[in-house]
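These are the residues of each chain, in order.
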Amino acid sequence: MSVLTLAALGLAAGLMLATALRGSYQLTLPYAAYVEEKQALLRRSASWMPVVMHLLAAAEAVLAVAERRQPAGTLYVVGAAALVAVLLVSHFRNSPINRWVATLPVHTAPLDWKEIDPRRSWTRWHLARTAATLLALAVNAAALALPT
């Protein structure tokens, strides 16, 4: 299970990094292009990515309990905590922004768009959850490297 969790964390971290790069690019887009692209991305990933991250957090918690008397157990606790942080940031910061952007009209920007543009805030929070995912990946790799 630990190898499978590490592999899944590697994929999740890769997706998070790719999204972070895409988010930086989206900062440069005009309103219509940004909203159209973001809405298309949300249609593709909003249903399965939360499930993947919840499953990873659960797997990490199972590993933490299973290895609680081993040195790796502490690392799995750190990984589980990092993934809980990812879930909290997603739920309370990124997802509300995503839900709001999903409701925006594509070709008509709100009059106060420059003041309410969520891209910088969304990107900052996404970078926080990307860092937490990378931490979970690193501690899982370290746990696997420990002698048994």
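The structure reproduced in this document is the subject of the present report.

Conventions used here
Residues numbered from 1 in each chain as written. Predicted model: local features only at pLDDT ≥ 70, side-chain atom pairs only at ≥ 80, totals over all residues. Heavy atoms only, no water. Helix = DSSP H or I, 4+ residues; strand = E, 2+ residues; numbered from the N terminus. Buried < 20%, exposed > 50% of the residue type's maximum accessible area, 1.4 Å probe, protein only. Contact = heavy atoms within 4.5 Å. Areas by Shrake-Rupley, 256 points an atom, 1.4 Å probe, with all protein chains shown as cover. Lys, Arg positive; Asp, Glu negative; His and termini not counted. Charge placed at Lys NZ, Arg CZ, Asp CG, Glu CD. Expected span 1.5 Å × (residues − 1). Core = buried A, V, L, I, M, F, W, Y, C linked by side-chain atoms within 4.5 Å. Phe/Tyr/Trp six-rings, centres within 6.5 Å; stacked < 30°, edge-to-face > 60°. Axes fitted to C-alpha atoms, helices over the stretch in contact; angles between N-to-C directions. Left-handed = near helix turned anticlockwise from the far one by under 90°. Nonpolar A, V, L, I, M, F, W, Y, C, P; charged D, E, K, R; others polar.

Glancing now at the overall build of the protein chain. Helix and strand counts for the protein chain stand at 6 helices and 0 strands. Principal-axis analysis of the C-alpha atoms places the extent of the protein chain at approximately 60 × 25 × 20 Å. Counting every position in the protein chain, which comprises 148 residues, the buried fraction comes to 39%. Across the protein chain, every contact between residues at least 6 apart in sequence was considered, and the portion connecting residues at least 24 apart equals 81%. Counting only carbon and sulfur atoms, one obtains 68% of the accessible surface of the protein chain, whose full area is about 8400 Å². Put simply, the protein chain has 13 plus and 7 minus side-chain charges, and the middle of one group is 3 Å from the middle of the other.

Turning our attention to helix H1 (residues 2–26). For H1, built from 25 residues, the straight-helix expectation of 36 Å at 1.5 Å per residue is met to within 8% by its first-to-last C-alpha distance of 35 Å. Three or more residues of H1 are buried, namely Ser2, Thr5, Leu9, Ala12, Ala13, Met16, Ala20, Gly23 and Gln26. Looking at the buried side of H1, the elements it contacts are helix H2 (31–45), helix H3 (49–66), helix H4 (71–102) and helix H6 (119–145).

If you look at the biggest cluster of nonpolar residues, it comprises 13 residues, and the most contacted ones within it are Leu9, Met53, Leu56, Leu83, Val86 and Ala136. Not counting residues within four places of it along the chain, the set of residues in contact with Leu56 comprises Thr5, Ala8, Leu9, Ala12 and Leu83. If you look at the next biggest cluster of nonpolar residues, it comprises 9 residues, including Tyr34, Val35, Ile97 and Trp122.

Here we take up the packing of aromatic side chains. Counted under the stated rule, the structure contains 3 aromatic pairs. Residues Tyr34 and Trp113 carry aromatic rings whose centres are separated by 6.2 Å and whose planes lie at 40 degrees to one another, so their mutual orientation is tilted. Taken together, the residues Tyr34 in helix H2 and Trp113 in helix H5 (residues 113–116) connect sequence positions 79 residues apart. By the burial criterion, Tyr34 is buried, and Trp113 matches it. Ring centres of Trp100 and Trp113 lie 6.1 Å apart, and the angle between their planes is 20 degrees; on these two criteria the pair is classed as stacked. With Trp100 in helix H4 and Trp113 in helix H5, this residue pair connects regions lying 13 residues apart in the sequence. Trp100 gets classed as partly exposed once you look at its relative accessible area, which sits at 31%. Clustering of aromatic rings is evident, with ring pairs tying together Tyr31, Tyr34, Trp100 and Trp113.

Take the side chain of Ser2 next. In this structure, Ser2 sits in helix H1. Classification of Ser2 as buried rests on a relative accessible area of 18%. Residues within four places of Ser2 in sequence aside, it is in contact with Leu63, Tyr76 and Leu144.

A separate point is the packing of H2 against H4. For the pair H2 and H4, the least separation of the axes is 9 Å and the interaxial angle reads 115 degrees. Crossing of H2 against H4: the hand is left-handed. Touching Tyr34, Val35, Lys38, Gln39 and Leu42 of H2 are Asn98, Val101 and Ala102, all from H4. Looking at the contact of H2 with H4 residue by residue, the classes come out as 5 nonpolar, 2 polar and 1 charged.

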